[in-house]
Amino acid sequence: MKQICVVGVGYVGLVTAAVFADLGNRVIGLDINEEKIAGLNKGIMPIYEPGLEEIVSHNVKAGRLSFVTSYPQALNGTEFVFIGVGTPSGVDGEADLRYVAGAAQSIAENMTAPLIIINKSTVPVGTGDWVADIIRHHQAKPIQFSVVSCPEFLREGSAISDCLQPHRTILGSMDHEAAEKVAQLHLSLRAPIMITDLRTAEMIKYASNAFLATKISFINEIANVCEALGADVKEVAVGMGYDKRIGPQFLDAGLGYGGSCFPKDVKALAYMAAEKGRHPQLLRAVMEINDDRRPMAVNRLKEMLGNDETNTRLDGCTIGLLGLSFKPNTDDMRDAPSIDIARMLLADGAHVRAYDPVAMNIARPLLPEVEMFLDPYAMAEGCDALMVLTEWNEFKQLDLARLKVLMKQTIIFDGRNIYDPAQMAAAGFHYRGLGRGYNGANLL
Ligand code: NAD
């Protein structure tokens with residue numbers, strides 16, 4: 001049993017704290033957000049993540065997990081400190097490291113014994129060295145410490161199982177002994193552990209996310225070509241995915257990547273490359289393809305509603321959005337395609353409604369003009385069109401006959417390709433997905 005402190009109990013930090021407590025360690029979750037900590041101490045989860053409430057409450061009851069706002073209290077007796085604070089996009093796509101700097105300074109000012117500081121936040125290459133400088137600078141007296149990079153690869157929506165069964169643990173440090181100690185902490189997860197240097201570990205995270213984003217933009221480009229040539233991108237992806245060198249994952253054509261990681265991480269990597277005089281051509285193309293998806297979805301909807309290019313307004317139309325979160329099984333609205341799409345529809349004069357199983361409370365302040373409904377059928381009543389923006393499972397089972405009766409016009413734009421075009425046509429809907437090759441292309 002080790003004593004661990006996790007700084008920042010957001011999507012990454014809270015899951016990390018719960019999982020390490022579950023592995024038998026004593027874990028203190030620390031956050032400067034007092035409301036979040038007060039809620040956690042009452043058993044209220046600050047985020048929606050399947051299985052999180054159960055694992056947190058189990059470990060709190062077992063006395064292995066607690067939450068505080070005080071650094072001295074959290075660091076007392078602690079040997080390992082994980083940093084899991086946010087690293088949002090700053091100016092020009094550069095990562096904003098103010099929270100990492102704040103955490104490093106507070107750790108330095110409050111440490112009273114040697115520490116291994118493990119960075120889980122996604123940070124630009126070289127940040128580990130910079131964190132070490134901050135700590136040295138802010139220590140009241142010199143106390144030994146080491147910095148280890150341990151980038152996090154969990155996915156929101158399956159974060160607990162991703163953390164308990166990771167594909168790999170990457171550790172980077174200039175202090176091999178410290179990295180070995182951190183490796184010991186991860187041994188019971190039974191995943192391959194790779195120990196490398198600090199900068200390489202930081203780069204592995206960016207390269208991994210950029211590669212996954214590239215796969216998404218790749219299949220979206222193929223979807224555009226499929227539409228022009230009359231092929232079905234869903235079948236193309238299945239056929240490609242059988243090839244073990246390609247694999248089936250991340251080949252879902254749709255509205256492009258969103259969320260709190262891919263957009264900011266691809267931007268930050270491109271920024272780092274450009275800063276050093278390199279030309280990140282591929283990364284720029286990946287971002288450009290992704291940026292086109294949201295306006296493209298709105299234009300498709302307009303075509304379906306019969307609005308040609310000279311009549312691009314949607315005045316008087318009521319559009320219902322199925323799903324708001326950037327992906328299913330999370331309430332995370334950070335850079336969700338729904339935000340841009342809803343704003344574009346509103347700007348064109350449409351009335352916009354929405355239903356999401358978990359994200360509406362977070363979405364409300366972001367989209368105050370969008371009318372939120374607690375039920376998809378109530379939302380659909382009187383709508384001219386529905387747009388599927390998040391592939392929640394419950395949307396796959398909607399009662400189409402009921403929807404047809406409720407809607408004013410039976411138009412569905414499926415931004416996630418969750419429905420079968422033939423079934424939708426048979427059910428009497430004017431339906432379009434993305435890259436499904438049936439949109440009237442002039443085929444030879
Ligand atoms: P988040 O915004 O959900 O949580 C960050 C938390 O840090 C907040 O609760 C905030 O109050 C707290 N915080 C900020 N400054 C602090 C300080 N000085 N001391 C203590 N607490 C402080 O962020 P997140 O989504 O968990 O992401 C954290 C990092 O992990 C980011 O770098 C992100 O890129 C990376 N990451 C995220 C995911 C994901 O799916 N969300 C996956 C892998 C990696």
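Residues numbered from 1 in each chain as written. Predicted model: local features only at pLDDT ≥ 70, side-chain atom pairs only at ≥ 80, totals over all residues. Heavy atoms only, no water.

*Asks:* Could you give an account of empty space enclosed by the protein, naming the residues involved and the relevant values?
*Replies:* Applying the stated rule across the entire model yields two cavities of 30 Å³ or more. There is about 30 Å³ of room inside the second largest cavity. Lining the second largest cavity are Asn119, Ser121, Thr122, Val123, Ser149, Pro151, Glu202 and Lys205. Here the lining of the second largest cavity is composed, by residue class, of two nonpolar, four polar and two charged. (1 Å grid on protein atoms, 1.4 Å probe; cavity = no way out; pocket = protein on both sides within 12 Å on 5 of 7 lines; lining within 4 Å. Points joined across faces, edges and corners; volume = space filled by probe spheres on them. Nonpolar A, V, L, I, M, F, W, Y, C, P; charged D, E, K, R; others polar.)

*Asks:* Describe in detail the domain arrangement of the chain, supporting the description with residues and values.
*Replies:* When the parts of a complex come together, some accessible area is lost, and that lost area is often used as the size of the interface. Taken as a whole, the chain is organised into domain 1 (3-196) and domain 2 (197-444). Measuring from the centre of the C-alpha atoms in domain 1 to the corresponding centre in domain 2 gives 33 Å. Carbon and sulfur atoms make up 60% of the surface buried where domain 1 meets domain 2, a total of about 2,600 Å² over both sides. Together, Tyr48, Val125 and Glu156 form the three largest contributors to the area buried by domain 1 at its contact with domain 2, with a combined 24%. On inspection of domain 1 and its partner domain 2, the count reaches two salt bridges. The shortest N-O distance in the salt bridge between Arg199 and Asp129 comes to 3.2 Å. In this assembly, domain 1 and domain 2 are joined by 12 residue pairs in polar contact (both at pLDDT 80 or more). Class assignment for the residues of the side of domain 1 that touches domain 2 results in 17 nonpolar, 12 polar and eight charged. (Domains from an automatic or database assignment. Buried area = accessible area lost by both parts, 1.4 Å probe. Salt bridge = Lys/Arg side-chain N within 4 Å of Asp/Glu carboxyl O. Polar contact = N/O pair within 3.5 Å; in protein donor to acceptor, adjacent residues only side chain to side chain.)

*Asks:* Give a detailed account of unusual backbone geometry, specifying residues and quantitative values.
*Replies:* Even without glycine at this site, Asp92 takes up a positive phi of about 60 degrees. Structurally, the position occupied by Asp92 is in the loop between strand S4 (80-83) and helix H5 (98-110). A relative accessible area of 67% means that Asp92 is categorised as exposed. In the Ramachandran plot, Asn417 falls in the positive-phi region, its phi being about 50 degrees despite a non-glycine side chain. Mapped onto the fold, Asn417 is located in the loop between strand S13 (411-414) and helix H18 (421-426). (Helix = DSSP H or I, 4+ residues; strand = E, 2+ residues; numbered from the N terminus. Buried < 20%, exposed > 50% of the residue type's maximum accessible area, 1.4 Å probe, protein only.)

*Asks:* Before we move on, can you summarise the pattern of salt bridges with the specific residues and values?
*Replies:* Under the definition given, this model contains 18 salt bridges. Between Lys120 and Glu152 there is a salt bridge, and its shortest N-O distance comes to 3.0 Å. In this pair, Lys120 sits in the loop between strand S5 (115-119) and helix H6 (127-138) while Glu152 sits in the loop between strand S6 (145-149) and helix H7 (159-164), placing the two residues 32 residues apart along the sequence. With respect to class, Lys120 is no different from Glu152; both count as buried. Here Asp232 ties to Arg436 by a salt bridge, and the two come within 3.0 Å at their closest N and O atoms. With Asp232 in the loop between helix H9 (198-229) and helix H10 (233-241) and Arg436 in the segment after strand S14 (430-432), this pair connects stretches of sequence that are 204 residues apart. For Arg436, a relative accessible area of 9% puts it in the buried group. Each of Glu156, Asp332 and Arg334 takes part in a single network of salt bridges with overlapping partners.

*Asks:* A description of the layout of surface pockets should follow, citing residues and the corresponding values.
*Replies:* It is the rolling of a water-molecule-sized probe over the atoms that shows where space remains empty. Estimates place the volume of the second largest pocket at around 420 Å³. Considering the residues around the second largest pocket, the lining is formed by 17 residues, among which Pro124, Val125, Met272, Glu275 and Lys276 are closest to the centre. Put simply, the parts of the chain that give the lining of the second largest pocket at least two residues each are H6, H9 and helix H11 (262-275). Of all the elements, H11 adds the most residues to the lining of the second largest pocket, at six residues. Residues that form the lining of the second largest pocket fall into these classes: 11 nonpolar, two polar and four charged. Each of two domains, domain 1 (3-196) and domain 2 (197-444), supplies a minimum of three residues to the lining of the second largest pocket.

*Asks:* How would you explain the nonpolar core if you had to name every residue and give the values?
*Replies:* Counting residues in hydrophobic clusters, the biggest one holds 56 residues, and the most contacted among them are Ile319, Leu321, Leu324, Leu345, Leu386 and Met387. Excluding anything up to four places from it in sequence, Leu345 contacts Val298, Leu301, Leu314, Ile319, Leu321, Ala350, Val352 and Met387. In terms of nonpolar packing, the next biggest core, distinct from the first, is built from 45 residues, Ile28, Leu97, Ala104 and Leu198 among them. (Core = buried A, V, L, I, M, F, W, Y, C linked by side-chain atoms within 4.5 Å. Contact = heavy atoms within 4.5 Å.)

*Asks:* Can you break down the packing of aromatic side chains residue by residue, with the values?
*Replies:* Inspection of every chain in the model, using the stated rule, returns five aromatic pairs. Between Phe250 and Phe262 the ring centres are 6.1 Å apart and the planes differ by 45 degrees, which places this aromatic pair in the tilted class. With Phe250 in the loop between H10 and H11 and Phe262 in helix H11, this residue pair connects regions lying 12 residues apart in the sequence. Relative accessible area serves as the criterion here: at 28%, Phe250 is assigned to the partly exposed category. Taking the relative accessible area as the measure of exposure, Phe262 reaches 13% and is therefore buried. Here the aromatic rings of Tyr419 and Tyr431 are separated by 6.3 Å at their centres, their planes lie at 75 degrees, and the arrangement is edge-to-face. Residue Tyr419 is located in the loop between S13 and H18, and its partner Tyr431 is located in strand S14; the two are separated by 12 residues in the primary sequence. (Phe/Tyr/Trp six-rings, centres within 6.5 Å; stacked < 30°, edge-to-face > 60°.)

*Asks:* Explain the state of the cysteines residue by residue, including any values.
*Replies:* Scanning all chains against the criterion turns up zero disulfides. Summary of cysteine pairing: Cys5 is not part of a disulfide, and the nearest cysteine sulfur, belonging to Cys150, is at 15 Å. Given the relative accessible area of 0%, Cys5 is considered buried. Cysteine Cys261 is unpaired, with the sulfur of Cys163 as its nearest cysteine sulfur at 13 Å. (Disulfide = S-S within 2.5 Å.)

*Asks:* Before we move on, can you summarise the environment of Leu403 with the specific residues and values?
*Replies:* Examined against the element boundaries, Leu403 turns out to sit in helix H17 (residues 400-406). Judged by its relative accessible area of 2%, Leu403 is buried. When the C-alpha positions of Leu403 and Arg343 are compared, they lie 25 Å apart, and in sequence the two are 60 residues distant. Other than its neighbours up to four places away in sequence, Leu403 contacts Tyr377, Ala380, Leu386, Leu398 and Phe429.

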